[in-house]
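Notes for the structure review
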Amino acid sequence: MKKLLLAATATLALTALGGTSDAQSKKTLAFVVNGASDFWKAAEAGMKKAQSELPNYTLTFKYPEQSSAAIQTRIMDDLVAAGVAGILVSPVDPKTMGDALNRVGGQVALFTTDSDAPNSKRIVYIGSSNVDAGKQAGQLMVKAMPNGGKCMGFVGLPGADNARERIEGVREVIKGTKIELVDVRADDIDQTRAKRNVEDTLTARPEINCMVGFYSYNTPRIYEALKEAGKIGKVTIIGFDEDAITLGGIKEGTIVGTVVQQPYEWGYQGMKQMAKYLEGDKSFIPANKLIIVPTRIIDKSNVDDFWTELKARQGKK
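Now for a description of the structure that goes with this document. (Residues numbered from 1 in each chain as written. Predicted model: local features only at pLDDT ≥ 70, side-chain atom pairs only at ≥ 80, totals over all residues. Heavy atoms only, no water.)

1. Some points on the overall build of the chain
What counts is decided by this rule: Comment: elements are numbered from the N terminus, with helices defined as DSSP H or I runs of at least four residues and strands as E runs of at least two. Using C-alpha atoms as the atom set, the radius of gyration is obtained and then compared with a globule rule of 2.2 Å times the number of residues to the power 0.38. Between buried and exposed lies partly exposed: a residue is buried under 20% and exposed over 50% of the maximum accessible area for its type, with that area taken using a 1.4 Å probe on protein chains only. Whether two residues are in contact is decided by their heavy atoms: any pair within 4.5 Å suffices. The accessible surface values rely on the Shrake-Rupley method and a 1.4 Å probe; as for residues, cover is taken only from the protein chains in view. In this count, Lys and Arg are taken as positive residues and Asp and Glu as negative ones, while His and the chain termini are left out. By convention, the charge on Lys lies at NZ, on Arg at CZ, on Asp at CG and on Glu at CD.
Helix and strand counts for the chain come out as 12 helices and 12 strands. Its C-alpha radius of gyration of 21 Å places the chain within 12% of the 20 Å reference for a compact globule of 317 residues. Put simply, the chain has 317 residues, and 52% of those count as buried. Of all intrachain contacts in the chain linking residues separated by at least 6 positions in sequence, the fraction that spans at least 24 positions is 72%. Accessible area of the chain: about 14300 Å², with a carbon and sulfur share of 51%. Once the 41 positive and 37 negative side-chain charges of the chain are each reduced to a mean point, those two points are 2 Å apart.

2. A closer look at the nonpolar core
Selection rule: As used here, the term nonpolar core means buried Ala, Val, Leu, Ile, Met, Phe, Trp, Tyr and Cys residues forming a set that is joined through side-chain atoms within 4.5 Å.
M76, I87, M141, F214 and Y215 are the most contacted members of the largest nonpolar core, which has 42 residues in total. For this core, the element with the highest residue contribution is helix 4 (residues 69-81), accounting for 5 residues. Filtering out sequence-adjacent residues up to four positions away, F214 remains in contact with G153, F154, V155, R166, I167, V170, L181, V184 and F240. V33, W40, I123 and M274 belong to the second largest nonpolar core, which has 29 residues in total.

3. Notes on the state of the cysteines
For clarity, the threshold we go by: We call a pair of cysteine sulfur atoms a disulfide when they lie within 2.5 Å.
Going through the model one piece at a time under the given rule, you end up with 1 disulfide. The disulfide that involves C151 links it to C210, with 2.3 Å between the sulfurs. Handedness here is read from the sign of the S-S torsion; for C151 and C210, about 100°, the answer is right-handed. Taken as a pair, C151 in strand 6 (residues 149-155) and C210 in strand 8 (residues 210-213) lie far apart in primary sequence, 59 residues in all. For the pair shown, C151 and C210 are each scored as buried.

4. Overview of the environment of I255
Tracing the backbone shows I255 in the loop between helix 10 (244-252) and strand 10 (257-260). Residue I255 is classed as buried on the basis of its relative accessible area, which comes to 3%. Taking the C-alpha atoms as reference points, I255 and K311, 56 residues apart in sequence, are found 20 Å from one another.

5. Here we look at the packing of helix 9 (residues 218-228) against helix 10
We count it as follows: Between the N-to-C directions of two axes lies an angle of 0 to 180 degrees, each axis being a line fitted to C-alpha atoms and, for a helix, fitted only over the stretch in contact. Any angle between 65 and 115 degrees counts as roughly perpendicular, while under 35 counts as roughly parallel, over 145 as roughly antiparallel, and the rest as oblique. Gly counts as polar in this scheme, as do all residues outside two lists: the nonpolar Ala, Val, Leu, Ile, Met, Phe, Trp, Tyr, Cys and Pro, and the charged Asp, Glu, Lys and Arg.
Taken N-terminus to C-terminus, the directions of helix 9 and helix 10 make an angle of 60°; their axes are 8 Å apart at the nearest point. Our classification of the angle between helix 9 and helix 10 gives oblique. Residues T219, P220, R221, Y223 and E224 of helix 9 lie in contact with helix 10, whose contacting residues are I245, T246, G249 and E252. A breakdown of the residues in the contact of helix 9 with helix 10 according to their chemical character gives 3 nonpolar, 3 polar and 3 charged.

6. Regarding the packing of aromatic side chains
To keep it simple, the criterion reads: Stacked, edge-to-face and tilted labels apply to pairs of Phe, Tyr and Trp rings (six-membered ring for Trp) whose centres lie within 6.5 Å, assigned for plane angles under 30 degrees, over 60, and everything in between, in that order. Any Lys NZ or Arg CZ found within 6 Å of a ring centre and within 35 degrees of that ring's normal is scored as a charge over the ring.
The full count for this structure, using the stated rule, is 10 aromatic pairs. Their ring planes at 75° and their centres at 5.0 Å tell us that F39 and W40 sit as a pair that is edge-to-face. What makes W40 buried here is its relative accessible area of 1%. When the ring of Y215 is compared with that of Y217, the centres are 6.3 Å apart and the planes differ by 80°; the resulting orientation is edge-to-face. Summarising the burial analysis for this pair, Y215 and Y217 share the class buried. What links up through ring pairs into an aromatic cluster is the set F31, F39, W40, F61, Y63 and W266. Across the ring face of W307, the terminal group of K311 is positioned such that the distance to the ring centre comes to 5.1 Å.

Next comes the structure, spelled out in structure tokens:
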């Protein structure tokens, strides 16, 4: 009976990764993100493009049911147990996940994206320079507020490198100006909490006249809360990433601009490079083990062109 149960469990594990025959003939590569957000749809589209060019691999995309280091670790451990050959991950909290990442990296090809874990056994990081992205946001702030301002920041995971480095980049650029980043409020990728953080700020800190959304969903929640409070146009808004609400706000002139990454390229290049690595080609790995995909500033001058480009890449009209 025990043998039958073990056989059934093994069959289910293989089926979850694409079926028994596929698992035997193809290697599986997985992309594990840090939480449920529309931001990752572009990365998923990039992975699908890579799948069309990697017929000998099965690619799978994993969203954790909650943004939690423990849940993300369980997902990676389950993938390893099921026989994946490689994992591309955006770690929820690289500093506390060192043991887990080293365990996974000791068994499969491990790449990081979005938020790096340089002290782990990851092979390479492919993604943005978050410090540079923060500097670009700081440039938008300086241009929009030449006479200064008091800003509140909003972010999902303050312990993640992507958040910490963006904040660092902003602070570096506004240092010596009359612009102050007063504080940064966290929400653990809980969008209800993200909006409530903005509402609480409007009540408790009436002197705040600038808000910065450091994660993709933060800026839309800022926009919604300000609109409901009748303060759209009275508070300067700076964002990150390309949510439709953010781009719409830029187009109408109520959001100054946003710094966009290229998650599509993370999904596409990440899977292609991982396949190369597994086939023995390591020539693409730089000496510093960082593959930087440039970020861009989107403001009213180029938002229409960017939106057209974005829709075309996602197969929309």
